[in-house]
Amino acid sequence: MDFGLHPSKKLQKLFTEKPYQIQEPEKSKIIFLGRDANWDINIEKDPLFPEFEEYLKNGISYWQTHGYHTPMLSPYYKGDGKTYHRNFKKIGFTSDNAEAICFLELLKFPTYGMSSKFHKEYIKMILDENNKDHLNRIKKLQQNGKVTFFIPDGLRKYIDELQLFPSNANNVIYHTHFSNAISNEEITRIRLYCISILKN
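Described below are features of the structure shown in this document. (Residues numbered from 1 in each chain as written. Predicted model: local features only at pLDDT ≥ 70, side-chain atom pairs only at ≥ 80, totals over all residues. Heavy atoms only, no water.)

## Considerations on the layout of surface pockets
Inclusion rule: Cavities and pockets were defined on a 1 Å grid built over protein atoms only: a cavity is a set of grid points that admits a 1.4 Å probe from which the probe cannot escape, a pocket is an open set flanked by protein on both sides within 12 Å along at least five of seven lines, and lining residues are those with an atom within 4 Å of any such point. Grid points are joined across faces, edges and corners, and a volume is the space filled by probe spheres set on the points. Note on conventions: DSSP H or I runs of at least 4 residues are helices, E runs of at least 2 residues are strands, and numbering of each starts at the N terminus. When residue character is reported, Ala, Val, Leu, Ile, Met, Phe, Trp, Tyr, Cys and Pro are called nonpolar, Asp, Glu, Lys and Arg charged, and the others, Gly included, polar.
Considered as a void within the structure, the largest pocket measures approximately 1100 Å³ in volume. Those elements that provide at least two residues to the lining of the largest pocket are strand S3 (30-34), strand S4 (37-38), helix H4 (82-89), strand S5 (101-105), strand S6 (110-113) and helix H7 (156-162). When the residues that make up the lining of the largest pocket are grouped by side-chain class, the tally is 17 nonpolar, 14 polar and 7 charged.

## As for the environment of Ile41
The cut-off we apply is this: Pairs of residues are marked as contacts when any of their non-hydrogen atoms sit within 4.5 Å.
Within the element layout of this structure, Ile41 appears in the loop between S4 and helix H2 (49-57). The contacts of Ile41, once residues within four sequence positions are left out, are His6, Pro7 and Tyr112.

## Side note on the sheet that holds S6
Strands in a sheet are paired, the pairing made by backbone hydrogen bonds, and the direction either parallel or antiparallel. Filter applied, for reference: In short, DSSP must find at least two bridges between two strands for them to pair. Note on method: axes are straight lines fitted to C-alpha atoms, helices fitted across the in-contact stretch only, with angles between N-to-C directions ranging 0 to 180 degrees.
If you trace the 3 strands from one edge of the open sheet to the other, you get S1-S6-S4, paired in mixed fashion. Here the strands that pair on one side only, and so sit at the sheet edges, are strand S1 (3-5) and S4. Inspection of the sheet shows S1 paired to S6 by 3 bridges, in the antiparallel sense. The residue of S6 that forms the bridge with Leu5 is Thr111. In the packing of helix H5 (residues 119-127) onto the sheet, contacts are made with S1 and S6, and the angle to S1 comes to roughly 20 degrees.

## Notes on the environment of Ile197
Here Ile197 is to be found in helix H8 (residues 184-199). Sequence separation between Ile197 and Lys9 is 188 residues; the distance between their C-alpha atoms is 37 Å. Dropping the residues within four chain positions of it, Ile197 is found in contact with Lys29, Ile30, Thr148 and Phe150.

## Overview of the pairing of strand S8 (residues 172-175)
Which entries qualify depends on this criterion: The rule is simple: take the accessible area with a 1.4 Å probe, protein chains only, and divide by the maximum for that residue type; under 20% is buried, over 50% is exposed, in between is partly exposed. With the strands pointing away from the viewer, any crossover whose connection runs clockwise from the first strand over the helix to the second is right-handed.
Where burial is concerned, the two faces of S8 agree: the one with Val172 and Tyr174 and the one with Ile173 and His175 are both buried. Pairing of strand S7 (residues 148-152) with S8 involves 4 bridges; the strand directions are parallel. Residue Ile151 lies in a different strand from S8, and its bridge partner there is Tyr174. Each parallel crossover has a hand, and for S7 linked through H7 to S8 it is right-handed.

## Focus on the sheet that holds S5
Taken together, 5 strands build an open sheet; the order of strands is S2-S5-S3-S7-S8 and the sheet is mixed. The strands lining the two open edges of the sheet, one partner per strand, are strand S2 (21-22) and S8. Inspection of the sheet shows S3 paired to S7 by 3 bridges, in the parallel sense. The residue of S7 that forms the bridge with Ile31 is Phe149. Here H4 sits on the sheet in contact with S3 and S5, set at roughly 145 degrees to S5.

## Details of the pairing of S3
Counting buried positions over the 5 residues of S3 gives 5, a clear majority of the element. Pairing geometry for S3 and S5, over 5 bridges, is parallel. Paired with Ile30 across the strands is Ile101, a residue of S5.

## Concerning the pattern of salt bridges
Selection criterion: We define a salt bridge as a side-chain nitrogen of Lys or Arg found within 4 Å of a carboxyl oxygen belonging to Asp or Glu.
In the structure shown here, the tally under the stated rule is 4 salt bridges. In this structure, Glu26 engages Arg137 in a salt bridge whose closest nitrogen and oxygen atoms are separated by 2.8 Å. Taken as a pair, Glu26 in the loop between S2 and S3 and Arg137 in helix H6 (residues 132-144) lie far apart in primary sequence, 111 residues in all. Relative accessible area serves as the criterion here: at 42%, Glu26 is assigned to the partly exposed category.

This is the structure:
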């Protein structure tokens, strides 16, 4: 499979308006930082696409309305991403926490394909002038210390390579990727971290 910017103009427009999911990063308490917002290349043909549009326009309202944090948890969704979000759901967040939670990626544009298998192409997109403001936004969010970043272990090398921020910063927590063999014990540790953050 190839990798690149997603061809959907509708998806691109949605990410131009909001290059994040659920809460605005600056208003959140917890940011789950990822590589890229990866979508099925034929996502517009999915019967649930109108629901994805609803989610990307207002993730907080979507969560509160539907009872789960993403359309990928809908019983009618058959595409990729279900494993990640099923494991994420085990943390125990509810729609009451929606205003504190943000999904954010190093790349502000939606993509298709597997970025992990196209390192050079991915780095080129990350370093593109059009993504510079987005990286600066992430850097400022980390520096202000008001938000905690949860980051998959595999992303640490990119943060170091980009010199985005000190990878051992106090408000940065690394974990096994939710799509991988993350244990229930590790999810419990994440839950306890999150409970303490949400209490403050």
